[in-house]
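# A structural walkthrough
Below are the chains, spelled out letter by letter.
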Amino acid sequence: MPTSVQNQILRVNLSNGRIWTEKPGISFFRSHLGGRDVIAHYLLTEIPKGSDALDPVNRLVFAMGPVTGIALPGAGRHSVGAKSPLTGLFGESEAGGYWGSELKQAGWDGLVIEGKAETPVYLWIKDQVVEIRDARHLWGQVTGPVEARLREELGDTQVRVAQIGPAGENLVRYACIVNDLNEVAGRTGLGAVMGSKNLKAIAVRGSHRVEVSDTLPIKTTARWVARETLGEGGAHHRLHTWGTGAMVRSKQLEGHLIVRNFRDGQLDHATDIDAITMQNKVVDHMDRCFACSVRCKKRVKIDTEQVKVEPKYGGPEYETLAAIGTNTGITDIMAVCKGNEMLNYLGLDSISAGATIAWAMEMAETGRFAAQGLDEESLRFGSPKSVLDMIEKIAYRQGVGDLLAEGSLRAARIIGGDAEKYVVHVKGLEVAMHDPRAMKDMRDNYPVTPTGGDHTGAGLKRTSVRNTVGLCQFLQYNDAKALELLNAATGWDMTPEELHETFERGLTLARLFNLREGMTADDDRLPDRMHEPIRMGPLNNHILSRSEIRDYVAGYYEERGWDKEHGRPYTDTLAHLNIDIDEHDVANLTSERPAPLAVGALPYTLSLDDSNGHEE
Ligand code: SF4
């Protein structure tokens, strides 16, 4: 029976040059699907406890989903994971574009890289033929020229390239992996892991169509998405027309735009960088990921005497507009577009870069950076020059950029005093540009997501399912639709209950990894700033209490089958999810579920009156 799962993981050891194929079996893919669950499996079983994230033993895992690469809008997603050099915990990030689909079309469901090459190399994957090639001539270059050079060298303009920029080479702890020049696996510093392995790029070309078991539901869904994109008022029409930048205006109106290191909820002139301004001033055209008719990706072109921005590097999404725009107090659209281009050619995560710069600006404003010889002028809220200079300095670890390249939490601990109190992070990962004080989803997501302050980090079910199946979060597919597409692609007869179990399995595996690496329940919380009121805007009297978050987290543990106090999975939860304690060496990280009390020992009297004590 045709199926989208190919049962092939490509394995590469860069220390000894060994390349081999692993076939984990279809039952492995059915129980782990892809994305986070596959990554968690490899991190738990193959990385020794306590290893440094930049040590060659770390595994860099590229995990496709079962639907990645099929002819369906939103199916161009893949995940990348490793132990994070930023958080020291479970690291994972997702990307769109074409690279993941191309790897699937080359016949691979995943790629796991270990070891470290002696000198810079790149991987060349042409269907089932895989080579490790010299990349010394590419080292030190930014992403655009590297992609062009590789395509020329390999004699194929359709080669897809995932790569690191100078930031990854310089082990910036939030360096990203850039594919197709404008799509990134941005969060948790995976570019630094790639850099630590002396791996500059992975070039891929696949010549096979990914098979599916049943084409009809997939074609019907693709037609529905196309209709909903083109029709005014359709489910995807707004996204297609404006892209993610539309959020700047709505958040500004509602008072939870991310402004000046999360202090304020509104910013004067914020609409100067919103989607309407972008369409009028800088957008060249809208582009898409593999097979997606929504086309929500902006390509920006600027060609003035002062600023030049090339469309090949895409355009700023909402996260970037907020991270290096409003969060640093900037409303200069030219500067934000230039900054976005720099982040993509240098290979830096825009969220962590912007958040770290914004934190540093607050430190400079309040004199806490004086010992570093920095004054408010060199790191000033609202100064485009400060932001653009700092992006460059961080990527090359120059001057104060070397300190900020460590990420805001490590930098705060280095400068000492009370600097850490102002870092907006969860588990060491800078919080994404959605304020949990105003958004319940984020309030529920940030404290418990295994990666930390990540808005797509899959602490919740909807994001988890899409992450592991390989679907874009923006497509209006509900859980039933995601399941229908998964079954149509694979030929499985998965039920909603079985799909739910994969969600629980992935979260529990990632939890075990984090517990093993020293995380405690105390890390499942929001940063101090989230318990202060938003300083400016209509939500300025709204306070999020610490007890509200603690109670939510305890309830979340219980729902997962983890103990309420420490968040350690119960042994019966692991048994139910078929997680092998011995294989994962996690016996000491689990809890025994308290035995239910015998009926006769109930510490209260059962009442047969169901009126709950109320008298009529
Ligand atoms: S909706 Fe946008 S981000 Fe998602 S797959 Fe389509 S083009 Fe890519």
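The structure we're discussing is the one just above.
One structure accompanies this document, and this report is about it. (Residues numbered from 1 in each chain as written. Predicted model: local features only at pLDDT ≥ 70, side-chain atom pairs only at ≥ 80, totals over all residues. Heavy atoms only, no water.)

Bringing the overall build of the protein chain into the picture now. Tallying secondary structure elements over the protein chain gives 23 helices and 18 strands in all. Rg of the C-alpha trace for the protein chain: 24 Å, near the compact-globule value of 25 Å for 616 residues, within the 12% margin. Seen along its three principal axes, the alpha-carbon backbone of the protein chain occupies a region of about 85 × 60 × 55 Å. Across the protein chain, the fraction of contacts at a sequence separation of at least 24, relative to all contacts at a separation of at least 6, is 67%. (Helix = DSSP H or I, 4+ residues; strand = E, 2+ residues; numbered from the N terminus. Rg over C-alpha atoms; globule rule 2.2 N^0.38 Å. Contact = heavy atoms within 4.5 Å.)

Let's shift gears to the site of the ligand. Surveying the vicinity of the ligand reveals the residues Gly74, Arg288, Cys289, Cys292, Val294, Cys296, Lys297, Cys472, Phe474 and Leu475. Classifying every residue of the shell around the ligand by side-chain character gives seven nonpolar, one polar and two charged. (Near = heavy atom within 4 Å. Nonpolar A, V, L, I, M, F, W, Y, C, P; charged D, E, K, R; others polar.)

Buried residues dominate strand S7 (residues 121-126), accounting for five of its six residues. Count of turn residues in the S7/strand S8 (residues 129-134) antiparallel hairpin: two residues, of which Asp127 carries a positive phi of about 50°. With six bridges connecting them, S7 and strand S12 (residues 199-205) associate as parallel partners. By the bridge assignment for S12, Lys126 is matched with Arg205. (Buried < 20%, exposed > 50% of the residue type's maximum accessible area, 1.4 Å probe, protein only. Pairing = 2+ DSSP bridges.)

Scanning the entire structure with this criterion turns up eight aromatic pairs. Each ring, one from Phe62 and one from Trp99, has its centre 5.2 Å from the other, and the planes form 50°; the classification is tilted. Here Phe62, found in strand S3 (residues 60-64), pairs with Trp99, found in helix H3 (residues 99-105); they are 37 residues apart in sequence, far enough to count as distant. For Phe62, a relative accessible area of 1% translates into the label buried. With centroids separated by 6.1 Å and ring planes inclined at 45°, the aromatic side chains of Tyr552 and Tyr556 adopt a geometry described as tilted. Of this pair, Tyr552 and Tyr556 both sit in helix H21 (residues 546-560), four residues apart, which is roughly one turn of that helix. The exposure class assigned to Tyr552 is partly exposed, which follows from its relative accessible area of 22%. One aromatic cluster is present, formed by Tyr552, Tyr556, Tyr557 and Trp562 through successive ring pairs. Here the basic side chain of Arg560 rests over the ring of Tyr556, its NZ or CZ set 4.6 Å away from the ring centre. (Phe/Tyr/Trp six-rings, centres within 6.5 Å; stacked < 30°, edge-to-face > 60°. Lys NZ or Arg CZ within 6 Å of the ring centre and 35° of its normal.)

This part covers the layout of surface pockets. Estimates place the volume of the second largest pocket at around 400 Å³. As for the second largest pocket, its lining consists of 22 residues, and the residues nearest its centre are Leu409, Arg413, His425, Gly428 and Asp523. Contributing elements (two or more residues each) for the lining of the second largest pocket: helix H16 (408-415) and strand S17 (425-426). Top element by residues in the lining of the second largest pocket is H16. It accounts for three residues. Here the residues of the lining of the second largest pocket sort into eight nonpolar, four polar and 10 charged. (1 Å grid on protein atoms, 1.4 Å probe; cavity = no way out; pocket = protein on both sides within 12 Å on 5 of 7 lines; lining within 4 Å. Points joined across faces, edges and corners; volume = space filled by probe spheres on them.)

Right, let's get into empty space enclosed by the protein. Under the defined criterion, the tally for this structure stands at three cavities of 30 Å³ or more. Roughly 60 Å³ of volume is contained in the largest cavity. What lines the largest cavity is a set of 13 residues, among which Arg77, Ser79, Glu94, Asn467 and Gly470 lie closest to the centre. Sorting the residues of the lining of the largest cavity by element identifies S3, strand S4 (78-83) and helix H18 (461-469) as the ones contributing at least two each. Classifying every residue of the lining of the largest cavity gives three nonpolar, seven polar and three charged.

The next thing to look at is the sheet that holds strand S5 (residues 90-95). Spatially, S2-S1-S6-S3-S4-S5 is the arrangement adopted by the six strands of the open sheet, whose pairing is mixed. A single partner strand is all that each edge strand has here, and the edge strands are strand S2 (18-22) and S5. Put simply, the sheet's adjacent strands are angled 15° from each other on average, direction ignored. For strand S1 (residues 9-13) and S2, the ladder comprises five bridges, and the chain directions are antiparallel. By the bridge assignment, Leu10 is partnered in S2 with Thr21. (Axes fitted to C-alpha atoms, helices over the stretch in contact; angles between N-to-C directions.)

Further remarks concern the packing of helix H2 (residues 35-46) against H18. Two quantities define a packed helix pair, namely the angle between the axes and the distance from one axis to the other. The N-to-C vectors of H2 and H18 enclose an angle of 75°; their axes lie 5 Å apart at closest approach. Considering their axes alone, H2 and H18 lie roughly perpendicular with respect to each other. Residues Gly35, Arg36 and Asp37 of H2 pack against Ser464, Asn467 and Thr468 of H18. Looking at the contact of H2 with H18, its residues break down into no nonpolar, four polar and two charged. (Parallel < 35°, antiparallel > 145°, perpendicular 65-115°, else oblique.)

This part is about the nonpolar core. Membership of the largest hydrophobic core comes to 84 residues, with the highest contact counts inside it found for Leu348, Trp359, Phe369, Ile391, Ile394 and Leu404. Counting residues per element, this core draws most heavily on helix H13 (residues 350-365), which supplies nine residues. Discounting chain neighbours no more than four positions away, the residues touching Trp359 are Asn261, Phe369, Leu404, Ser408, Ala411, Ala412, Ile415, Ala419, Tyr422 and Val423. Residues Tyr42, Val294, Trp492 and Met494 belong to the second largest nonpolar core, which totals 53 residues. (Core = buried A, V, L, I, M, F, W, Y, C linked by side-chain atoms within 4.5 Å.)

The next point concerns the packing of helix H11 (residues 318-325) against H13. The interhelical angle for the contact between H11 and H13, taken along N-to-C directions, is 20°, at an axis separation of 8 Å. Looking at the two axes, H11 sits roughly parallel to H13. Crossing angle aside, the handedness with which H11 passes H13 is left-handed. Along the contact surface, H11 presents Glu319, Thr320, Ala323 and Ile324, while H13 presents Ser350, Ile351, Gly354 and Ala355. (Left-handed = near helix turned anticlockwise from the far one by under 90°.)

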